[in-house]
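Take a look at the letters that make up each chain.
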Amino acid sequence: MEIEIKKYVLEQLNGQCIRRKRIDVLEFELETLMSQADEKAREVIEAMAFSHGDGEHVQTSDISDITADIAMGYRSEITDQARELYAWIRKLEIESERLDKYMGLLNREEAAILRMYHFEGYAWKAIAKKCHMSVRTMMRVRETAYHTLEECYSKAQECGIISIE
């Protein structure tokens, strides 16, 4: 179980930048979907309401029940897509916020070391140099930070908040 927690913490740290990019992309797609939904529904209704063959009777009401049902079905499909996108976004946001919160529990030095490595792409030796410490000291600080994050995620797992597989 301890190895699983360590692996999970590293996955969370290494995936944070990708997670934030995915959130941005999904938010864009959700916004685009919703802005186009009403426009497309109107187009479908208009196309169906005004399409008829030569000599056919044109209904005098705005739209037929069948047309309205089709448009509502289309709108429902878009709403389902929007809900699915929102659910993905929210799941990613919660994971990201949880990691940010747990990182906030670290001391400034620990958090800086993990951010430089996992989020900014620095090598361990470069981090030690930048932080004005030996590599050995930096590794000790890093391990303390990992241990603190492992404890946070372990508590969340024990409470049933997260599932670590």
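Residues numbered from 1 in each chain as written. Predicted model: local features only at pLDDT ≥ 70, side-chain atom pairs only at ≥ 80, totals over all residues. Heavy atoms only, no water.

> Residues and numbers for the pattern of salt bridges, please.
The tally for this structure, following the rule as stated, stands at 8 salt bridges. We note a salt bridge from arginine 83 to aspartate 80, for which the minimum N-O separation is 3.3 Å. Residue arginine 83 and its partner aspartate 80 are located together in helix H2 (residues 65-104), separated by 3 residues, close to a single helical turn. The class of arginine 83 is exposed, set by a relative accessible area of 55%. Classification of aspartate 80 as partly exposed rests on a relative accessible area of 41%. In this structure, the salt-bridge partner of arginine 142 is glutamate 143, at a minimum N-O distance of 2.8 Å. (Salt bridge = Lys/Arg side-chain N within 4 Å of Asp/Glu carboxyl O. Helix = DSSP H or I, 4+ residues; strand = E, 2+ residues; numbered from the N terminus. Buried < 20%, exposed > 50% of the residue type's maximum accessible area, 1.4 Å probe, protein only.)

> Tell me what's going on with helix H5 (residues 135-158), and back it up with residues and numbers.
For H5, with 24 residues, the first-to-last C-alpha span of 34 Å sits near the 34 Å given by 1.5 Å per residue. Among the residues of H5, those classed as buried are Met138, Val141, Arg142, Ala145, Tyr146, Leu149, Glu150, Cys152, Tyr153, Ser154, Ala156 and Gln157. One or two positions beyond H5, positive phi appears at glycine 160, with a value near 80°. (Expected span 1.5 Å × (residues − 1).)

> Please give an account of the nonpolar core that cites residues and values.
Counting 27 residues, the largest nonpolar core has Leu13, Met103, Leu114, Leu149 and Tyr153 as its most contacted members. Residues contacting leucine 114, with those up to four places away along its chain left out, are Leu13, Met103, Leu106, Phe119, Arg142, Ala145, Tyr146 and Leu149. Judged by nonpolar contacts, the second largest core, of 10 residues, contains Leu26, Ile78, Ala82 and Leu85. (Core = buried A, V, L, I, M, F, W, Y, C linked by side-chain atoms within 4.5 Å. Contact = heavy atoms within 4.5 Å.)

> Can you lay out the packing of aromatic side chains for me, pointing to particular residues and giving the numbers?
Each aromatic ring pair is characterised by the separation of its centres together with the angle its planes make. On inspection of all chains with the given rule, the structure shows 3 aromatic pairs. A ring pair is formed by tyrosine 8 and tyrosine 153, whose centres lie 5.4 Å apart and whose planes are at 75°; its orientation type is edge-to-face. Residue tyrosine 8 is located in helix H1 (residues 2-50), and its partner tyrosine 153 is located in helix H5; the two are separated by 145 residues in the primary sequence. Tyrosine 153 shares its class with tyrosine 8; the two are buried. Summarising the aromatic geometry, the rings of tyrosine 117 and tryptophan 124 are spaced 3.8 Å apart at their centres and angled 10° between planes, so their arrangement reads as stacked. In this structure tyrosine 117 comes out as partly exposed when scored by relative accessible area, which is 31%. (Phe/Tyr/Trp six-rings, centres within 6.5 Å; stacked < 30°, edge-to-face > 60°.)

> Describe the packing of helix H3 (residues 108-119) against H5, listing the residues and the values that go with them.
Interaxial distance between H3 and H5 falls to 9 Å at its minimum, and their mutual angle equals 95°. Relative to H5, the element H3 lies roughly perpendicular. Touching Glu109, Glu110, Ile113, Leu114 and His118 of H3 are Met138, Val141, Arg142, Thr144, Ala145, Tyr146 and Leu149, all from H5. In the contact of H3 with H5, the residues fall into 7 nonpolar, 2 polar and 3 charged. (Axes fitted to C-alpha atoms, helices over the stretch in contact; angles between N-to-C directions. Parallel < 35°, antiparallel > 145°, perpendicular 65-115°, else oblique. Nonpolar A, V, L, I, M, F, W, Y, C, P; charged D, E, K, R; others polar.)

> Run through the confidence of the model for the protein chain, naming residues and quoting values.
Per-residue pLDDT for the protein chain averages 86, and the proportion of residues at 70 or more is 77%. Across the protein chain, element-level confidence peaks in H3 with a mean pLDDT of 97 and bottoms out in H1 with 84. (pLDDT = per-residue confidence, 0-100.)

> Describe unusual backbone geometry, with residues and values.
If a residue is not glycine, its phi is most likely negative; likewise, a peptide bond is most likely trans. A positive phi angle, close to 60°, is found at histidine 132, a residue other than glycine. Relative to the elements of secondary structure, histidine 132 occurs in the loop between helix H4 (124-130) and H5. Assessed through its relative accessible area of 73%, histidine 132 is described here as exposed.

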